[in-house]
Amino acid sequence: PSADSLFLDLNRMPAFVLPPTAFFVPLVGSLRLSNRQTSWKFHLVLAQRQGGRPERDSLEESSFLGDKRLFSFRARRSYANQTGAGFFQPSCQAGRSFGISLGNLFPTVRDDPKVKKGIVSPELAVPAHIQRPPYARPGAKRQNLMGMGVPIDIKGPSAVAKMRASGALAAKILYYAGTLVKPGISTDELDQAVHDYTVWNGAYPSPLNYDGFPKSVCTSVNEVVCHGIPDSRPLQEGDIVNIDVTCYLNGFHGDTNATFFVGQVDEQSRRLVETTREALSAAIDICGPGQKFSKIGDVISEIAERDRFGIVAEYCGHGIGSEFHTDPCVYHVRNESSDVMQPGMTFTIEPMLTEKSRRTAVWPDNWTVVTVDGGRSAQFEHTLLITEDGCDVLTMLTPELIEVVEKDREKFEKARADGTVRPARVEPSNTLKQRRKGKGFI
């Protein structure tokens, strides 16, 4: 075989084959094959199946497909200090390794060329009358309040009403963008459409200038997990693309995203997308006052494990309101968070599932997150409000919202054609390379 790396996983072998130590993750072997050399590597990883934390060296040497984190030790320590979420989750990944190995030997999925970066056009101008978030004002610096010990915000009636408005607008924008997805359209064109529709509705596109992000929406194609920068690459038949929309209206953010099919896609991609959608829906169903946030990770993990998909652990949902990202950190993997949902809390759930390894890397642009093995990734997201008797999905697309979009479509597109939606495109004050390096959305 010519596979770069073949992983042999004994964790899902029949019980009678396993020694009494089956409670622990047993022996993991990896056979690495290349044109120049063939070598065997074995690592013994001793960690409890659920909630166990190996020592640092064990984590560094783990050859579990997907379990070797790309975090620096400092980042892992910071991540673990908050809740320990996703620090080491063999149970989520182990069952998929053997199946992936067979897939390497007997491939049954498409052999895609990896997504290549296109030309990134200058950022778009925002009309002067549009209210801007603090980080988008001249000279401002973005302050990330996640993990800073700031109490989770409990919103009163006025803030809730504004959150409902921003959430409904985000749902409309995402729906409109989704209707434009087809082979041949570039993600830069999608960005222009999202930008124009957002400002036409009196809102600011939240991603624009957030820690130097140069566009008004994130578009993540195929193996791009999240934070893809729109560019000149045209979408191709069989692609999948995630469109992540956030808008800032009347001082509050609404955040949602969905993964769309570009023309006809293969069955594996369809299954990945539908499983991710199901995972989000199931996680929403268990939300309500008194529920632990850690339950969200449990539910998503169960569904991902059932269908043998990976879960990206490095990126999580987040609190949202007048600030783009705040506590709580909403983990999509099993975790030990003690935070409890209370009425008035607003936050996002946004699981990212992968068809192969969950390991990720970041492009030199410091934003675009991709799977290291080129396997596709899908994501869905909603903004939620915890109520006295359950939760409301603030970014839910309703028939009434669809009717509004379709009713206004002709008027909006005429305004775009007339050039009255926004000022002419302007060159940014500095280039992306000159900007302060972005640290990425959480």
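Just above, that's the structure.
All values derive from a computational prediction rather than experimental measurement.

Caption draft 1: Layout of the overall build of the protein chain. For the protein chain, the count of helices and strands is 8 helices and 18 strands. By the burial criterion, 56% of the 442 residues in the protein chain qualify as buried. Long-range pairs, those at least 24 residues apart, make up 74% of the contacts in the protein chain between residues at least 6 apart in sequence. Summing over all exposed atoms, the protein chain offers an accessible surface of approximately 19600 Å²; the carbon and sulfur share of this is 53%.

Caption draft 2: Geometry of the side chain of Asp365. Here Asp365 is to be found in the loop between β14 (360-362) and β15 (369-371). Judged by its relative accessible area of 12%, Asp365 falls in the buried class. Side chain to side chain, Asp365 and Lys117 meet in a polar contact 3.2 Å long. Within the local environment of Asp365, its side chain forms a polar contact with the side chain of Thr368, the two groups lying 2.7 Å apart.

Caption draft 3: Layout of the sheet that holds β14. With antiparallel pairing, the 3 strands of this open sheet are ordered in space as β6-β15-β14. One side of each edge strand has no neighbouring strand; the edge strands of this open sheet are β6 (224-226) and β14. Within the sheet, the average angular offset between the axes of one strand and its neighbour, ignoring direction, is 40°. Two elements, β14 and β15, share 3 bridges in a ladder whose sense is antiparallel. What sits directly across from Val362, in β15, is Val369.

Caption draft 4: Highlighting the pattern of salt bridges. According to the stated counting rule, one finds 15 salt bridges in the structure shown. As a salt-bridge pair, Asp392 and Arg164 come within 2.9 Å of each other at their nearest N and O atoms. Of this pair, Asp392 sits in strand β18 (residues 390-393) while Arg164 sits in helix α4 (residues 157-179), placing them 228 residues apart in sequence. The class for Asp392 is partly exposed, based on a relative accessible area of 26%. Put simply, Glu278 and Arg306 hold a salt bridge, and the shortest N to O gap is 2.8 Å. Separated by 28 residues along the polypeptide, Glu278 in helix α6 (residues 267-285) and Arg306 in helix α7 (residues 294-306) bring together distant segments of the chain. Relative accessible area serves as the criterion here: at 47%, Arg306 is assigned to the partly exposed category. Because the salt bridges share partners, they merge into one network encompassing Asp188, Asp191 and Lys215.

Caption draft 5: Region of interest: the sheet that holds strand β13 (residues 352-354). Strand order in the open sheet formed by 3 strands is β9-β13-β16, and the pairing between neighbours is antiparallel. Edge positions in the open sheet fall to β9 (310-311) and β16 (377-379), since each of these has one partner strand only. In terms of strand pairing, β13 meets β16 through 3 bridges, oriented antiparallel. Looking across to β16, one finds that Thr354 is bridged to Ser377. Sitting on the sheet, α6 touches β13 and β16, and the angle it makes with β16 is about 30°.

Caption draft 6: Summary view of the packing of α4 against helix α8 (residues 399-418). Look at α4 against α8: their axes get within 10 Å of each other, and the N-to-C directions meet at 65°. When the axis of α4 is compared with that of α8, the two are roughly perpendicular. The way α4 lies across α8 gives a crossing that is right-handed. Along its contact with α4, which presents Ala168, Ala171, Lys172, Tyr175, Tyr176 and Thr179, the element α8 presents Leu401, Ile402, Val404, Val405, Glu406, Arg409, Phe412, Glu413 and Arg416. For the contact of α4 with α8, the residue count by class is 9 nonpolar, 1 polar and 5 charged.

Caption draft 7: Inspection of the packing of aromatic side chains at higher detail. Scanning the model with the defined rule gives 9 aromatic pairs in all. Seen from their ring centres, Tyr176 and Tyr197 are 4.9 Å apart, and the 15° between their planes marks the pair as stacked. Of the two residues, Tyr176 is situated in helix α4 and Tyr197 in helix α5 (residues 187-200); the sequence distance between them amounts to 21 residues. There is no split in this pair, since Tyr176 and Tyr197 are both buried. The class of Tyr197 is buried, set by a relative accessible area of 1%. The rings of Tyr176, Tyr197, Trp200 and Phe412 are connected pair by pair, giving a single aromatic cluster. In this arrangement the basic side chain of Arg270 is found over the ring face of Phe261, its NZ or CZ atom lying 4.5 Å from the centre.

Caption draft 8: Structural context of the nonpolar core. With 76 residues, the main nonpolar core has Ile243, Ile296, Phe347 and Ile349 as its most contacted residues. When neighbours within four sequence positions are excluded, Ile349 is seen to be in contact with Leu280, Ala283, Ile284, Cys287, Ile296, Ile300, Val330, His332, Phe380, Glu381, His382 and Leu384.

Caption draft 9: Focus on unusual backbone geometry. Residue Asp327 is joined to Pro328 through a cis peptide bond whose omega torsion reads 10°. Mapped onto the secondary structure, Pro328 falls in strand β11 (residues 326-330). Unusually for a residue other than glycine, Asn209 sits at a positive phi of about 70°. Structurally, Asn209 can be placed in the loop between β4 (204-205) and β5 (218-221). With a phi close to 70°, Asn366 is a non-glycine residue in the positive phi region. Mapped onto the elements, Asn366 comes out in the loop between β14 and β15.

Rules behind the numbers
Residues numbered from 1 in each chain as written. Predicted model: local features only at pLDDT ≥ 70, side-chain atom pairs only at ≥ 80, totals over all residues. Heavy atoms only, no water. Helix = DSSP H or I, 4+ residues; strand = E, 2+ residues; numbered from the N terminus. Buried < 20%, exposed > 50% of the residue type's maximum accessible area, 1.4 Å probe, protein only. Contact = heavy atoms within 4.5 Å. Areas by Shrake-Rupley, 256 points an atom, 1.4 Å probe, with all protein chains shown as cover. Polar contact = N/O pair within 3.5 Å; in protein donor to acceptor, adjacent residues only side chain to side chain. Pairing = 2+ DSSP bridges. Axes fitted to C-alpha atoms, helices over the stretch in contact; angles between N-to-C directions. Salt bridge = Lys/Arg side-chain N within 4 Å of Asp/Glu carboxyl O. Parallel < 35°, antiparallel > 145°, perpendicular 65-115°, else oblique. Left-handed = near helix turned anticlockwise from the far one by under 90°. Nonpolar A, V, L, I, M, F, W, Y, C, P; charged D, E, K, R; others polar. Phe/Tyr/Trp six-rings, centres within 6.5 Å; stacked < 30°, edge-to-face > 60°. Lys NZ or Arg CZ within 6 Å of the ring centre and 35° of its normal. Core = buried A, V, L, I, M, F, W, Y, C linked by side-chain atoms within 4.5 Å.

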